[in-house]
Amino acid sequence: MDLIVNQRIRDVLKGDQEAFGEIVELFKDKVFQLCYRMLGNRHEAEDIAQEAFVRAYVNIHSFNQSRKFSTWLYRIATNLCIDRIRKKKPDYFLDAELAGTEGLTMYSQIAAEGKSPDSEVETMELQEIVQREILRLPDKYRVVIVLRYIDDLSLNEISEVLEMPLGTVKTRIHRAREALRKQLNNL
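Being a predicted model, the structure only gives us computed values, none of them experimental.

**Description of the overall build of the protein**
Then step 1. Scanning the protein from N- to C-terminus turns up 8 helices and 0 strands.
Then step 2. Overall, the protein shows an N-to-C arrangement of helices and strands of α-α-α-α-α-α-α-α.
Then step 3. For the protein, the proportion of its 187 residues judged to be buried stands at 35%.
Then step 4. Residue pairs at least 24 apart in sequence account for 66% of intrachain contacts in the protein once pairs closer than 6 positions are excluded.
Then step 5. A total accessible area of about 11,700 Å² is found for the protein, and carbon and sulfur atoms account for 51% of it.

**What about the nonpolar core?**
Then step 1. By size, the foremost hydrophobic cluster in this structure holds 49 residues, and its most contacted members are Val31, Met38 and Phe69.
Then step 2. Residue assignment for this core shows that the elements contributing at least two residues are α1 (2-13), α2 (17-39), α3 (42-58), α4 (69-87), α6 (139-150), α7 (155-162) and α8 (166-185).
Then step 3. Looking at this core element by element, the count peaks at 11 residues for α2.
Then step 4. Excluding its chain neighbours within four sequence positions, the residues that come into contact with phenylalanine 69 are Val5, Ile9, Ile23, Phe27, Ile60 and Phe63.

**Remarks on unusual backbone geometry**
Then step 1. The backbone of aspartate 152 sits at a positive phi, close to 55°, despite the residue not being glycine.
Then step 2. The class for aspartate 152 is exposed, based on a relative accessible area of 59%.
Then step 3. Positioned with a positive phi, glutamate 163 is a non-glycine residue whose angle comes to about 55°.
Then step 4. You can see glutamate 163 is positioned in the loop between α7 and α8.

**Quick notes on a nonpolar patch on the surface**
Then step 1. Taken together, the side chains of Met1, Ile4 and Leu26 make up a nonpolar region of the molecular surface, amounting to roughly 300 Å² of accessible area.
Then step 2. Relative to the assigned elements, leucine 26 resides in helix α2.
Then step 3. Taking relative accessible area as the criterion, leucine 26 reaches 41% and is therefore assigned partly exposed.

**Overview of the pattern of salt bridges**
Then step 1. Inspection of the entire model under this criterion finds 11 salt bridges.
Then step 2. With a closest N to O distance of 3.6 Å, arginine 8 and aspartate 11 form a salt bridge. Of this pair, arginine 8 and aspartate 11 are both found in helix α1, 3 residues apart, which corresponds to roughly one turn of the helix.
Then step 3. You can call arginine 8 partly exposed: its relative accessible area is 23%.
Then step 4. Note on aspartate 11: relative accessible area 17%, which makes it buried.
Then step 5. Here aspartate 139 ties to arginine 142 by a salt bridge, and the two come within 3.5 Å at their closest N and O atoms. You can see aspartate 139 and its partner arginine 142 sitting in helix α6, 3 residues apart, about one turn around the helix.
Then step 6. Several salt bridges share partner residues, and in doing so they unite Arg8, Asp11 and Glu22 into one network.

Scoring rules and cut-offs
Residues numbered from 1 in each chain as written. Predicted model: local features only at pLDDT ≥ 70, side-chain atom pairs only at ≥ 80, totals over all residues. Heavy atoms only, no water. Helix = DSSP H or I, 4+ residues; strand = E, 2+ residues; numbered from the N terminus. Buried < 20%, exposed > 50% of the residue type's maximum accessible area, 1.4 Å probe, protein only. Contact = heavy atoms within 4.5 Å. Areas by Shrake-Rupley, 256 points an atom, 1.4 Å probe, with all protein chains shown as cover. Core = buried A, V, L, I, M, F, W, Y, C linked by side-chain atoms within 4.5 Å. Patch = residues over 30% accessible without salt bridge, like charges linked within 9 Å, V, L, I, M, F, W, Y side chains within 5 Å. Salt bridge = Lys/Arg side-chain N within 4 Å of Asp/Glu carboxyl O.

None of the figures reported here should be taken as evidence of function without further support.
In structure tokens, the structure reads:
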């Protein structure tokens, strides 16, 4: 995939704007999920994800093709999320989706083979609780938890995305897990 992305980047640098559209298609879901997990709000996540792609397009000439594009893009998205969190005052959207209810429709209430509706609800409630507690973590811990356990990045990739030493990443993940464990035990 990196070869395809690097070819599309070369095409973009030659002036082919549609090539960047292909890059967006490859990464849009991952970037949105990263933003959603960081911000906890679908509308803000969509805005920040879009802004991340705009910034990537505008600054594509500064991308070093000897590195992974996804790492560079995640770094842009992560920085934008952190900026939004720092500037954010509590705001509430009446039409905002509540964490943990994504995709819940009447159709999903029809009995099916496998898990019972009660266990599905319990799972969703647990996911909502964990997501809420992740959002309560300090920024420096929240970002490493999201990148490691939600986006499944390796420790080295997280180190590159956050531009910090590997040892610092390991320490923050450990401390974040401990903080999350304490928060969940206090419920």
